[in-house]
Amino acid sequence: MPRKVIDYKSLDLGGRFSLSAPERGWSGEITLPGDVHTALLEAAEIPDPYFGQNEDAVAWVYKTPWTVERRFDMPADMAEGYLTLTLSEVDCIATVLLNGEAIAQTQNQFIRYDLDVTGKIRAGENTLTIAFAAVPEVAQSRADAHPFAIPYAAMNQKVAHLNFVRKTACHAGWDWGICLMPIGVYGRMELRRSALARTESVQVDQLHENGKVNLVLKTRVHAFDSGTVSLTQMIDGQTVGGDIEVEKGENLIEHSITIDSPNLWWPVGQGGQPLYDLVTDLDGETTSQKIGLRKLEWIVEKDEIDHSFKCRINGRDITMMGANWIPAGAIPSRITPEVVEDLLQSAKAANYNMLRVWGGGQYEPDWFYDLCDEMGLLVWHDFMFSCMPYPSDRAFLADVQTEITQQVRRLSHHASIALWCGDNEVIGSLNWYPETKANRDRHLANYDRLSNLLAKIVEDEDPQRRFWPSSPSLGYMDFADGWHIDTRGDMHFWDVWHSAKPFEHYRSVQPRFASEFGFQSFTSINVIETFTEAADRNPSSPVMETHQRNDGGNARILETMCRYFRFPKGFEEMVFLSQVQQGLAIKTAIEFWRSTKPRCMGMLYWQINDTWPVASWSSLDYGGQWKLLHYLAKRFFAPINIVAVPEGDDIVIRGMNDGPAPAEITLDVFAVDMEGTAKLLHRLEVSLGLESASELVRVAREAVTDGQFLMLEWRDGDGMTIGGNDFFPRPHKYYNLPAATVSATWTQGENGPELTLQSDSCAFFVTAQVEPAGYFSDNCFTLLPGRPATLSFSPRRGAAPGLDDLQNSLRISHLAETY
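Residues numbered from 1 in each chain as written. Predicted model: local features only at pLDDT ≥ 70, side-chain atom pairs only at ≥ 80, totals over all residues. Heavy atoms only, no water.

Some remarks on the overall build of the protein
Argument step 1. Regarding its fold elements, the protein presents 16 helices and 47 strands.
Argument step 2. For the protein, the spread of C-alpha atoms along the principal axes amounts to about 90 × 65 × 60 Å.
Argument step 3. In the protein, which comprises 819 residues, the share counted as buried stands at 61%.
Argument step 4. Relative to all contacts within the protein whose residues are 6 or more apart in sequence, the contacts with residues 24 or more apart total 68%.
Argument step 5. Put simply, the protein shows about 30400 Å² of open surface, and 47% of that area lies on carbon and sulfur atoms. (Helix = DSSP H or I, 4+ residues; strand = E, 2+ residues; numbered from the N terminus. Buried < 20%, exposed > 50% of the residue type's maximum accessible area, 1.4 Å probe, protein only. Contact = heavy atoms within 4.5 Å. Areas by Shrake-Rupley, 256 points an atom, 1.4 Å probe, with all protein chains shown as cover.)

This is the structure:
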C-alpha cells in the first residue's frame, strides 16, 4: 500500500514576544531571537551598559527572572504528521510552556532542544511561553548541593559557581570582559512538521587515496515511528539514496560517493577554497551544506627534540598563524553575520590562517564556520570549559554528552574545523585554587571523568579529527602542569605580561605550538571617547579602571612604557604608545618563534577581538577597528619574512617562507642613523625553501652604533619590494629622535583612495588614522627622508568615503611627537 505523502513544512516562531519580570511588576516587548538587555535598551529602561561604570547599574537584569510569551497561528494543513518544536541557544535555565502546559526544562545554552509536540498544538491560535530563572541562584544552589567544594574563576567572574551551569563562561565577566549575564534565545525557534522522521545531523567522512576522495555521508534521522522514508543526497552531480526503512528513535544511514578528480580545499595563502554543495533531502526536509575536500592531519610524533606538533594539510606541513577568538559582543543581539564577517575579513587581511575558538566563549552559529570555510581560516576548537574545575556527576556528564555530541555532529562537515580541544587551562587550574591544591588527587580524578568523556565522544563521532585534551597540554594522558615545557605539545606563555618580564623574555622559550600569549594596550582614543567623559580620560580614573578587567593592568602598561620609551606628554599620546608597545611585544615573540621553524609550527596570540570597549590584549578594537598590533601582524605573519634575532655578540638575520612554493629574493641589510643615512651592510641573493627557517647572515653588534638601527628590505625576482623590517638593538628611549614633520597627500587610485606620506627626517611608528571605517595597506612603520610611502585604503562594513571625508579626518602620529 503506497504511503501517504505529507510534505515537510516549517513555521518560524521568531518575532515580537511580550517580556515581563513579574517580581518587578514590569512588562514590555522583546524580539526573539534576541536578548533581554537589547529589549530593555530599546525601551529606555536601562542605560548603555558599556558607558562609564554602568555595568553595576544594570546588574539587576541578570538577577531577575524573566518571562517571554507570544501567540502564534498554526495553519490547519500542518496538523497532520509529526510536530517538533526546535529551540536552540536558549540562555539558559528555563521552563518551556505550550498552551500553558510545561513541556520542557532547558538548562544548557549549547544544546538544541527538539521537543515532540505532536498532539500538543492545535490548528489556529497557540501560546508559547518561556520562563527564565535567575542563573546566579541556580548556580549557587547546585554548588551548595555538591558533595565537595569545586572552586570557580572568581578572579574573572562576578557571578559565583558558573561552572555548574552550561552557559558562556565570559558572560559573567573575564579579565577583559564585562559581566552582563544575558538572557534570551539566540538560535532557532521553529515548528517543524515531518511525515515520519526529522533530520538530526549530516556528517561527511573523507578518505583521500590515489587522487580520489571517497565520501561517507552519515545522516542521522529521528523517526517518530517505524516505517519508510525517502532520503536522497546529491553532491558533484551524483545522487544516492531512495526509500529506506527506519525504526522508531535514532537511525544512522550511510551513503558512499567517490569524487574522481577532486578540487582540493586549502587554508588561505596555500591555495583555493573550492566548496562542493551537498544537499540532503528527507521527505522534503532539505539540509544544504558546503564541503571542502582536504586531508588534514596533526603530526605528533617523537623527534630529536621530544615530540612534534604540527598541522599537515594535503601532504604539506603548514605553519599555523593567527589569534584567539572570543565572542564578538557581550550583548548577543549585536553579534550579527555582518559584524563577524568584518572581523574575519580583518583576520584574513592580516595573513591569518587559523583562529582558536576559546573555551570560555561559545560554539558559534553555523554561518561563522561557513565564513571560515569560504575564507580559508582554520579553526582550533575548544569545547566550552575554561580556567576552573567542573562537576563530573552523572547528571552533569549526561548533559555534557548531549551538548558535545550535538556540536560535533553539527560542525564536523566543515573544512575549517582543524582540531577538537577538550578545554582551556582546566588541567592547569588544578594548581591555582586552594581547594584543588589541597587535594589534587580528588580533583584530578574529577577532571579525568569529564576529559575522558569528551575524548570518547570525538573518537565515536568524528574519528578523523584529532582530539587534544586541553590547552595547554603535553599530550595524551599527561596531566602534568606543563605550562613552561617547550619541547612538546602546545604552550601558553604568559610570563611577559603576568610576570612583567621584558619583551626579550619571549626568546627564552621555543614552543612547538604557542596557542596563547599576549600583551595589553589601551583601546583606541576614538573608542575611549564612546564610554568616557573628558574628565575620565586618565589611566587611573575610575571609568578607565572599570574598562580594565585585569588587576594592575593599566599600571603594567605604563610601567612597561617606561622601560622602552620616554614617558608620553599626554593621554592621547599614552594611548598611541600603549598600542606601539603591544605590537612590539607580540612582534618580538612571533618573529623569534617563526625563526625556529620547524621546531615551532604554530603561533596564535591572545586575542583578535573584544566583547566591549576595554583595555585588553586584542588587535582589533571593539567594533572592528584595527589597532596597531593588527597592522604589525599583517607584516610578521607575511608568508615571506626576514627577521633579526640578537644572539651573543651578533644579530642573526633569519628568513622564513610559509607560502605555497619556494621563493628567490634579494635581501638588503642596512645600518641607518637618526639622520636617515643608510649604510648597506649586506646584499644577498637568497633561496627560501618551505621546510625550515634559514640563517642568512650575521651582523656584529659593533657594526650598529648606538645611534643606529638595522633596516631590512627584500625584493622578488622582478625587483619589486615585497617586504621590510627593522630592528633596534636598544630601547627606543635611548635614541635622540629628530622632530620629524610628516606630510600627507591623498589621490584617487585605480582601486580606491591612496595616501602618500613623506617625512623630512626619520619618523618611527608612523600611523595614519581616519574616521571612516576601514584600514590602510600598511601602518605603524618607519619612514625615512626622501623615501615616500603610498598606502591604499580599504573601507569596511559598507563605508564609501570620499577623499574629502578622508582628508578632513586624517590624523598622523609617530614616536617623536609623543614626547
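Comments concerning the pattern of salt bridges
Argument step 1. Applying the stated criterion across every chain, the model contains 49 salt bridges.
Argument step 2. The partner of K597 in a salt bridge is D658, with the nearest N and O atoms 2.7 Å apart. Separated by 61 residues along the polypeptide, K597 in the loop between α14 (571-594) and β33 (602-605) and D658 in the loop between β35 (650-657) and β36 (663-673) bring together distant segments of the chain. D658 matches K597 in its accessibility class, with the two residues each being buried. (Salt bridge = Lys/Arg side-chain N within 4 Å of Asp/Glu carboxyl O.)

A short note on unusual backbone geometry
Backbone geometry follows two general trends: most residues other than glycine have a negative phi, and most peptide bonds adopt the trans configuration.
Argument step 1. For the bond from L32 to P33, the omega torsion is 0 degrees, close enough to zero to count as cis.
Argument step 2. As for its position among the elements, P33 is in the loop between β3 (26-32) and β4 (34-35).
Argument step 3. Omega for the peptide link from D91 to C92 comes to 10 degrees, which places this bond in the cis form.
Argument step 4. Mapped onto the secondary structure, C92 falls in the loop between β7 (90-91) and β8 (94-98).
Argument step 5. At D236, a position not held by glycine, the phi torsion is positive, near 55 degrees.
Argument step 6. Accessibility expressed as a relative area gives 40% for D236, which makes it partly exposed.

Thoughts on a negative patch on the surface
Argument step 1. Side chains of E338, E341, D370 and E374 sit close together on the surface and give a patch of like negative charge.
Argument step 2. Broken down by secondary-structure element, the contributors of at least two residues to the negative patch are α4 (337-349) and α5 (366-375). (Patch = residues over 30% accessible without salt bridge, like charges linked within 9 Å, V, L, I, M, F, W, Y side chains within 5 Å. Lys, Arg positive; Asp, Glu negative; His and termini not counted. Charge placed at Lys NZ, Arg CZ, Asp CG, Glu CD.)

Focus on the packing of aromatic side chains
Argument step 1. Summed over the entire model, instances satisfying the criterion amount to 47 aromatic pairs.
Argument step 2. Ring geometry for W298 versus W380: centroids 6.2 Å apart, planes at 85 degrees, classification edge-to-face. In this pair, W298 is assigned in strand β23 (residues 296-299) and W380 in strand β28 (residues 378-382), connecting sequence segments 82 residues apart.
Argument step 3. Looking at W298, the relative accessible area reads 7%, which means it is buried.
Argument step 4. For W380, a relative accessible area of 0% puts it in the buried group.
Argument step 5. Considering the side-chain rings of W380 and F513, the 5.4 Å spacing of their centres and the 35 degrees angle between planes classify their relative orientation as tilted. Taken together, the residues W380 in strand β28 and F513 in the loop between α10 (495-498) and β32 (514-516) connect sequence positions 133 residues apart. With respect to burial, W380 and F513 carry one shared label: buried.
Argument step 6. Here the aromatic cluster, defined as three or more aromatic residues joined through ring pairs, consists of W494, W497, F503, F519, Y564 and W617. (Phe/Tyr/Trp six-rings, centres within 6.5 Å; stacked < 30°, edge-to-face > 60°.)

With respect to the packing of α14 against helix α15 (residues 628-636)
Argument step 1. Two elements in contact, α14 and α15, have axes whose closest approach is 8 Å; the angle formed by their N-to-C orientations is 25 degrees. Viewed along their axes, α14 and α15 adopt a mutual orientation that is roughly parallel. Both α14 and α15 take part in a crossing whose hand is right-handed. When α14 is examined against α15, the residues F576, Q579, V580, Q582, G583, L584, I586, K587, I590, E591 and R594 are found in contact with a partner set consisting of L628, L629, L632 and F636.
Argument step 2. Residues of the contact of α14 with α15, tallied by class, amount to 9 nonpolar, 3 polar and 3 charged. (Axes fitted to C-alpha atoms, helices over the stretch in contact; angles between N-to-C directions. Parallel < 35°, antiparallel > 145°, perpendicular 65-115°, else oblique. Left-handed = near helix turned anticlockwise from the far one by under 90°. Nonpolar A, V, L, I, M, F, W, Y, C, P; charged D, E, K, R; others polar.)

A look at the sheet that holds strand β34 (residues 640-647)
Argument step 1. On the basis of which strands lie adjacent, the open sheet formed by 3 strands has the order β34-β35-β38 and antiparallel pairing. Each end of this open sheet is capped by a strand with a single partner; those strands are β34 and β38 (694-700). If you compare each strand with its neighbour and ignore which way they point, the axes differ by 25 degrees on average.
Argument step 2. Both β34 and β35 contribute to a ladder of 8 bridges, which runs antiparallel. Bridging across to β35, P646 finds its partner in I651.
Argument step 3. Packed on one face of the sheet, α14 meets β34 and β35 and runs near 100 degrees to β34. (Pairing = 2+ DSSP bridges.)

Describing helix α13 (residues 553-564)
Argument step 1. With 12 residues, α13 extends 17 Å from end C-alpha to end C-alpha; this agrees with the ideal 16 Å at 1.5 Å per step.
Argument step 2. For α13, the full list of buried residues reads G553, N554, R556, I557, L558, T560, M561 and Y564.
Argument step 3. In this fold, the buried residues of α13 make contact with α10, α12 (542-546) and α14. (Expected span 1.5 Å × (residues − 1).)

Quick word on the environment of K302
Argument step 1. Relative to the helices and strands, K302 resides in the loop between β23 and β24 (310-313).
Argument step 2. Between the alpha carbons of K302 and V458 there is a distance of 24 Å; along the sequence they are 156 residues apart.

Brief notes about the sheet that holds β24
Backbone hydrogen bonds are what pair the strands of a sheet, in a parallel or an antiparallel way.
Argument step 1. One open sheet accounts for 3 strands, arranged β23-β24-β25; its pairing is antiparallel. If you trace the sheet from one side to the other, it starts and ends with β23 and β25 (316-318), each paired once. Taken pair by pair, the neighbouring strands of this sheet meet at an average axis angle of 35 degrees, ignoring direction.
Argument step 2. As judged from the 3 bridges shared by β24 and β25, these two strands associate in the antiparallel manner. Pairing of I313 across the sheet is with R316, part of β25.

Examining the pairing of strand β5 (residues 66-74)
Argument step 1. Alignment of strand β2 (residues 15-21) against β5, held across 3 bridges, turns out to be antiparallel. Bridge pairing links S20 to T67 in β5.
Argument step 2. Taken together, the 9 bridges between β5 and strand β11 (residues 124-132) define a ladder with antiparallel strand orientation. Along β11, the bridge assignment pairs M74 with G124.

Here we look at the pairing of β8
Argument step 1. Along β8, 5 of the 5 residues are buried, which leaves the element largely enclosed by surrounding structure.
Argument step 2. Neither face of β8 is left uncovered, since the one carrying A94, V96 and L98 and the one carrying T95 and L97 both have all their residues buried.
Argument step 3. For β8 and strand β9 (residues 101-106), the ladder comprises 5 bridges, and the chain directions are antiparallel. Note that in β9 the partner of V96 across the bridge is A104.
Argument step 4. Between β8 and β9, which pair antiparallel in sequence order, lie 2 residues; one of them, N99, sits at a positive phi of approximately 55 degrees.
Argument step 5. Looking at chain direction, β8 and β11 are connected through 5 bridges and run antiparallel.

Let's talk about the environment of E137
Argument step 1. Along the polypeptide, E137 turns up in helix α3 (residues 135-145).
Argument step 2. On the basis of relative accessibility, which here comes to 55%, the residue E137 falls in the exposed class.
Argument step 3. Residues E137 and I235, 98 residues apart in the sequence, show an inter-C-alpha distance of 50 Å.

Brief notes about helix α6 (residues 394-411)
Argument step 1. Taking 1.5 Å per residue, 18 residues should reach 26 Å; α6 reaches 26 Å between its end C-alpha atoms and fits that length.
Argument step 2. Listed in full, the buried residues belonging to α6 are F396, L397, D399, V400, E403, I404, T405, Q406, Q407, V408, R409 and L411.
Argument step 3. Capping the start of α6 is the job of one residue whose side-chain oxygen sits 3.3 Å from the backbone nitrogen of A395: D393. (Polar contact = N/O pair within 3.5 Å; in protein donor to acceptor, adjacent residues only side chain to side chain.)

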